[in-house]
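Per-entry structural report
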Amino acid sequence: MKKEDTVKLISAEGFEFVVDENAAMVSQTIRNMLTSPGSFAETQHREVTFPEISTTILEKICQYFYWSLQFASGKETEFHIEPELTLELMMAANYLHT
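Attention here is on the structure that accompanies the text. Because the structure is a prediction, the values reported are computed rather than measured.

Observations concerning unusual backbone geometry
We note that Arg-46 has phi near 60°; this positive angle belongs to a residue other than glycine. Position of Arg-46 relative to the elements: it lies in the loop between helix H3 (41-45) and strand E3 (47-49).

Quick word on the pairing of strand E1 (residues 6-10)
Among the five residues that make up E1, four are buried, leaving the element largely enclosed by the rest of the structure. Pairing of E1 with strand E2 (residues 16-20), which is carried by five bridges, proceeds in the antiparallel orientation. Residue Thr-6 lies in a different strand from E2, and its bridge partner there is Asp-20. Note: E1 against E3, three bridges, orientation parallel. Residue Leu-9 lies in a different strand from E3, and its bridge partner there is Val-48.

What to know about helix H2 (residues 28-35)
Among all positions in H2, only Thr-29, Ile-30 and Leu-34 are buried. Down the axis of H2, the smallest arc covering the buried residues is 125°, so these residues share one side. Check the buried side of H2 and you find it contacts E1, helix H1 (21-24), H3, E3, helix H4 (55-72) and helix H5 (86-96).

Section: the environment of Leu-87
If you trace the backbone, Leu-87 turns up in helix H5. Of the residues examined, Leu-87 reaches a relative accessible area of 61% and is grouped as exposed. Considered as a pair, Leu-87 and Pro-51 are 36 residues apart in the sequence and their alpha carbons are 17 Å apart.

Regarding the packing of aromatic side chains
The final tally for this structure, using the stated rule, is six aromatic pairs. Between Trp-67 and Phe-79, the aromatic rings sit 5.6 Å apart at their centres with planes inclined by 45°, giving tilted as the arrangement. With Trp-67 in helix H4 and Phe-79 in the loop between H4 and H5, this residue pair connects regions lying 12 residues apart in the sequence. Given the relative accessible area of 17%, Trp-67 is considered buried.

Details of H4
Between the first and last C-alpha of H4 there are 26 Å, a value that for 18 residues agrees with the 26 Å anticipated at 1.5 Å per step. Residues of H4 that are buried include every one of Ile-57, Leu-58, Lys-60, Ile-61, Cys-62, Phe-65, Trp-67 and Ser-68, and no others. In this structure, the buried side of H4 is in contact with E1, E2, H1, H2 and H5.

Rules used in this analysis
- Throughout, residues of each chain are indexed from 1 in the direction in which the sequence is written.
- Side-chain atom pairs in this predicted model are given and counted only at pLDDT of 80 or more, local residue features only at pLDDT of at least 70, and totals for whole chains, interfaces and linings cover all residues.
- Where side-chain values are given, they derive from all heavy atoms of the structure, hydrogens and water being excluded.
- Per the convention used, a helix needs a DSSP run of H or I reaching at least four residues, while a strand needs a run of E reaching at least two, with both numbered from the N terminus.
- Only protein chains enter the accessibility calculation, which uses a 1.4 Å probe; a residue is then buried when its area is under 20% of its type maximum, exposed when over 50%, and partly exposed in between.
- Two strands pair under a simple rule: DSSP has to find at least two bridges between them.
- Taken from the helix axis, the directions to the C-beta atoms give the arc we talk about.
- By definition in these notes, contact holds between two residues if any of their heavy atoms fall within 4.5 Å.
- Ring pairs shown here join Phe, Tyr and Trp side chains whose ring centres sit within 6.5 Å, with only the six-membered ring taken for Trp; geometry is labelled stacked below 30 degrees between planes, edge-to-face above 60, and tilted in between.
- Expected span, for any helix, means 1.5 Å times one less than how many residues it has.

And the structure:
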């Protein structure tokens, strides 16, 4: 995977997740950040920082992005969410429009 085909997502604690651009584009918010016209830092550097999303939640969101791509291609599998992550994950999903 080439660097220009990836996006770096950075959690509140500074942990970096490098994900495939197609996976990141599952999120309408990230898509808008990366494809908006103009000279935005996110567009230029291909990285997005989420100061309100913890590492644990951002990791689960990244897993969801890849699961969503597989599901869209016809591979139906279950996406497990730990009960203790549900509220925080729902809030992040709402923000990210996923």
